[in-house]
Amino acid sequence: MFDQLGEWTRTDTCGALRASDIGREVTLLGWVHRVRDLGALVFLDVRDRYGLTQIVVQEGHAFLDTAKHLRAEFVVAVRGVVRARAPEALNPRMATGEVEVAVAELRVLNEAAVPPFQISDEAALASDDLRLRYRYLDLRRPKLQANLGLRHRVTMAVRRYFDEQGFWEIETPVLGKSTPEGARDYLVPSRVHPGEYYALPQSPQIFKQLLMIAGTDRYFQIVKCFRDEDLRADRQPEFTQVDVEMSFARPQLVFDLIEPLMQQVFRVIGREIPTPFRRMRYAEAMARYGSDKPDLRCGLEIQDLSAAFAETTFTPFRDALAAGGAVRGFVVPGGAKYSRKQLDTLTEQARQAGASGLVWVRQAEDGVKSPALKGAGEAALRLALERAGAAAQDLLLLAAGAADQASKVLGQLRLAVARGEGLLKPDTFAFTWVTDFPMFEWDEDEKRFSAMHHPFTSPVPEDVARVESDPGSVRAQAYDLVLNGSEIGGGSIRIHDASVQARVFKAIGLTDEEAKHRFGFFLQALSYGTPPHGGIALGLDRIVAILAGESSIREVIAFPKTAAAVDQMTGAPTEVDDRQLRELHLKK
């Protein structure tokens, strides 16, 4: 039988006491973080989500024996007097490190089994699987407590901002209709409609557009979304986005709305970020950075150096140029010092990225050095170094092939080099808007075009005439917000003309009958005076992870899944009994 809390009420949190509190009688409630038994004295660190306070139980005290039997994670109540620590015992690493509490009374409210790992902030305290299995213990760690607190403050900043801008937060349905594009849906069988299914929303896209048709004007929602897709560090089967839509929008209005929001969000961590953010067309991002979500912290811009090899007889370069491709490259400042092993590693990384090889070039006292020196010729290589702006101590990396493919290979290499050189500083934040995306992309598996963003994105007006005749040339009024190489938001101006929407459905392979079956209600709604409108969805998990300096969004989600979409703590997904399956008409 454990002690009862009784009438005790917490007077202070475990992170609150300072030198100004010396002499006060306080009551603290929390978990035992650490026990140091010195025989005549027992020191306890008591922890709650706010911090740690050192507790002292002295020789001869009635509760000394109780204190000696405490272990980590016992739940305790402490009543005592705040006093100054001895000068040699000050702990500047603790906010409460100037003081301690001399125990007057100690109650043990509950015991704890020995935890499977230490509740601390050591980096390698346990495997990810073990941490997720005991997530309720993992969440006691100060670092994860801080991450959840940060997420809360960011969420509140978002809500305050949109309220001030005249937006209404409106909830949209979780049980909806299956969509034809994007990732696989999570399906929910209907008990009352045998053989029919709801789909969990991949986004509230259609509903927020319907709200614009309904005259809501400005909507936002912090909403849970679901996608049945393979997971990575920045993806989960269920995730949270800040969903935004407004009537009579243009891209610039969306940018002008979101940039001050990002300033408010970053003030949560005490950082000021400059606006306006950089703008970059999709084609420029792909050519100069090899990615539609470029990381701009490290420079290392890719350049087209084809002209330097216009007369080359070097087979890889000659064949690429003859086929309409390009020779592209980027300069690694100070890279002339790279060892042969480092260069071989970069070459192997280029091959893994899809290149047939990689050519490196550097200057030396006795001329140009390169494995392609004999084939490409010193004059052409020297010209490439010159046009790339390479100095004597620099290294030039070259790849050849289809223009976009060459840039994609070099885009992966520039990030590998940047990581190796320590150029991707976690406390540096580089925003950019990527605009003018292609409207459609070719799906080689299905032999048809699909929407690059989603099929409700509006084409650029001057390209509408080519939606059916030349889909690959159509540009979209779409934009992504990119931060440090991560897409943290994506949006567009939406189609508000029912006839244009029908043409886009045809362009992605939907027949009139299929479009009517899936979206008849929506096409009908568009015919009732739909205003021009647009918006964006921001990835809350990704934003908070970047703010917290975490590489995985799992570290800022209370109860995440594994890479295999499994909840290690509850065991979900699990089998269900036959009775439930029969009720859902899934089993006879």
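Residues numbered from 1 in each chain as written. Predicted model: local features only at pLDDT ≥ 70, side-chain atom pairs only at ≥ 80, totals over all residues. Heavy atoms only, no water.

Student: Give a detailed account of the pairing of strand β19 (residues 448-451), specifying residues and quantitative values.
Tutor: Pairing analysis gives four bridges linking strand β18 (residues 440-443) to β19, with the strands arranged antiparallel. In the sheet register, Glu 441 faces β19, and the bridge partner there is Ser 450. (Pairing = 2+ DSSP bridges. Helix = DSSP H or I, 4+ residues; strand = E, 2+ residues; numbered from the N terminus.)

Student: Lay out the sheet that holds strand β15 (residues 367-369) with the relevant residues and their values.
Tutor: Spatially, five strands are ordered β12-β13-β16-β14-β15 in an open sheet, and the strand pairing comes out antiparallel. Each of the sheet's edge strands pairs with one partner strand only, and the pair in question is β12 (303-304) and β15. Bridge count for strand β13 (residues 326-332) against strand β16 (residues 395-401) is seven bridges, and the pairing is antiparallel. Looking at the pairing, Val 327 lines up with Ala 400 of β16.

Student: Pulling in residues and values, what's your account of the nonpolar core?
Tutor: Note that soluble globular proteins tend to have their nonpolar side chains buried in a common cluster. Judged by nonpolar contacts, the single largest core of 41 residues is most densely connected at Phe 162, Ile 258, Met 262 and Phe 431. Among the elements that make up this core, the one with the highest residue count is helix α6 (residues 251-267) (eight residues). For Phe 431, the residues in contact, after removing those within four places along its chain, are Met 262, Phe 266, Ile 273, Phe 277, Arg 278, Leu 296, Leu 481, Val 482, Leu 483 and Ile 488. Val 434, Phe 437, Val 464 and Val 500 belong to the second largest nonpolar core, which has 33 residues in total. (Core = buried A, V, L, I, M, F, W, Y, C linked by side-chain atoms within 4.5 Å. Buried < 20%, exposed > 50% of the residue type's maximum accessible area, 1.4 Å probe, protein only. Contact = heavy atoms within 4.5 Å.)

Student: Please provide a residue-by-residue account of the side chain of Asp 394, values included.
Tutor: Tracing the chain through its elements places Asp 394 in the loop between α11 (378-388) and β16. One buried charged residue, Asp 394, remains without a salt bridge, the closest side chain of opposite sign being Lys 337 at 8.3 Å. A polar side-chain atom of Asp 394 sits 2.8 Å from the main-chain amide nitrogen of Ala 391. Residues within four places of Asp 394 in sequence aside, it is in contact with Val 331, Val 332, Pro 333, Gly 334, Gly 335, Ala 336, Val 361, Arg 362 and Gly 389. (Lys, Arg positive; Asp, Glu negative; His and termini not counted. Salt bridge = Lys/Arg side-chain N within 4 Å of Asp/Glu carboxyl O. Polar contact = N/O pair within 3.5 Å; in protein donor to acceptor, adjacent residues only side chain to side chain.)

Student: Explain the side chain of Gln 205 to me, using residue names and the numbers behind them.
Tutor: Its place among the elements puts Gln 205 in helix α5 (residues 205-213). Separated by 3.0 Å, the side chains of Gln 205 and Gln 209 make a polar contact. Discounting residues that sit within four places of it in the chain, Gln 205 has contacts with His 454, Phe 456 and Arg 494.

Student: Outline the environment of Ala 380, listing residues and values.
Tutor: For Ala 380, the location among the structural elements is in helix α11. With relative accessibility at 14%, the residue Ala 380 sits in the buried group. Considered as a pair, Ala 380 and Gly 39 are 341 residues apart in the sequence and their alpha carbons are 79 Å apart. Every residue in contact with Ala 380, bar those within four places of it in the chain, is listed here: Ala 308 and Phe 309.

Student: Describe the environment of Val 82, listing the residues and the values that go with them.
Tutor: Positionally, Val 82 belongs in strand β4 (residues 75-84). Given a relative accessible area of 1%, Val 82 falls into the buried group. Distance in space between the C-alpha atoms of Val 82 and Val 26 is 7.2 Å, their sequence separation being 56 residues. Non-local contacts of Val 82, meaning those with residues more than four positions away in its chain, are made with Leu 17, Asp 21, Ile 22, Gly 23, Arg 24, Val 26, Val 99, Glu 100 and Val 101.

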